[in-house]
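Chains, contacts and geometry: an overview
Each chain, letter by letter, is given below.
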Amino acid sequence: MNQPTFQPPAAAAQKAALRRDVLARRAAVPDDTRRSAGAAIADAAADIAGRAPGAVVSAFVSIRGEIDTAPLLRRLHEAGARLCLPVIMAKAEPLVFRGWRPGEPLEEKRFGLLEPPPSAPELIPDILFVPLAAFDRRGFRLGYGGGFYDRTLEKLRATAPARAIGLAFALQEVDEVPTDAFDQPLDGVLTENGFLATPGATA
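A regular strand places its side chains so that they alternate between the two faces of the sheet. A large share of strand β10 (residues 163-167) lies buried, amounting to five of its five residues. Of the two faces of β10, the one lined by R163, I165 and L167 and the one lined by A164 and G166 are each fully buried. Relative to β10, strand β7 (residues 127-130) runs parallel, the two sharing four bridges. Note on β10: the bridge partner recorded for F129 is I165.

So this is what it looks like as structure tokens:
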């Protein structure tokens, strides 16, 4: 991937400030709201994945205050999706995805991420449910600063129309996410309030 590893100080500072603000709001979400939000996105996500029978679907295991994906992972599995989870291989490299089913073991890695073991098969996802710090209605996401999903989507979309749908609380929406040339847009965002289609969305 041809993404720069350096951002102008002003742009980097703007992103960092926005990230801190939105993640502080997310951290303050009450536990009961987290549970109800996780349940709300589960059926909607399974419905989206169900429109492409047999699709390979990537999701993630929630950490650090992210919207609860446990109900979603169960529903996707029950709906017949071929589930996989992202794995970080190296800094500044795209993610790989390894097959996983609810109940199978996971390994704790850097940043507290939970990943399938190396013995799990590598899969190429058709649909990706992705984490984020903030999003806007244009379909742009602010991630956590590593650029992993942007690199990954750029690589996947070079050969196939991989669909990326952000998972977030509604309060993570902002007026405008600062963007760079290498930022990959989402096909939509799913919150506890429902699915938000973004420009060019296919879901």
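Past the structure itself, the notes keep going.
Here the focus is the confidence of the model for the protein chain. Taken residue by residue, the protein chain gives an average pLDDT of 91. The fraction at 70 or more is 93%. Every residue in residues 1-6 scores below 50 in pLDDT, and together they form eleven contacts with partners more than four places removed in sequence or on other chains.

The geometry of helix α2 (residues 31-50) relative to helix α3 (residues 70-78) is characterised by a closest axis approach of 8 Å and an angle of 30 degrees between their N-to-C directions. Considering the angle they form, α2 stands roughly parallel to α3. The crossing of α2 and α3 is right-handed. Where α2 approaches α3, its residues G38, A39, I41, A42, D43, A45, A46 and A49 are matched on the opposing element by P71, L72, R75 and L76. In terms of residue class, the contact of α2 with α3 is made up of nine nonpolar, one polar and two charged.

Before going further, it helps to examine the nonpolar core. Counting residues in each nonpolar core, the largest one holds 25 residues, and the members touching the most others are V57, L72, L73, L76, F129 and L167. Among the secondary structure elements, those contributing two or more residues to this core are α2, α3, β2 (82-87), β7 and β10. Looking at which element gives the most residues to this core, the answer is α2, with six residues. L95, L128, L132 and A164 belong to the second largest nonpolar core, which has 20 residues in total.

Calculation notes
- Residues numbered from 1 in each chain as written.
- Predicted model: local features only at pLDDT ≥ 70, side-chain atom pairs only at ≥ 80, totals over all residues.
- Heavy atoms only, no water.
- Buried < 20%, exposed > 50% of the residue type's maximum accessible area, 1.4 Å probe, protein only.
- Helix = DSSP H or I, 4+ residues; strand = E, 2+ residues; numbered from the N terminus.
- Pairing = 2+ DSSP bridges.
- pLDDT = per-residue confidence, 0-100.
- Contact = heavy atoms within 4.5 Å.
- Axes fitted to C-alpha atoms, helices over the stretch in contact; angles between N-to-C directions.
- Parallel < 35°, antiparallel > 145°, perpendicular 65-115°, else oblique.
- Left-handed = near helix turned anticlockwise from the far one by under 90°.
- Nonpolar A, V, L, I, M, F, W, Y, C, P; charged D, E, K, R; others polar.
- Core = buried A, V, L, I, M, F, W, Y, C linked by side-chain atoms within 4.5 Å.

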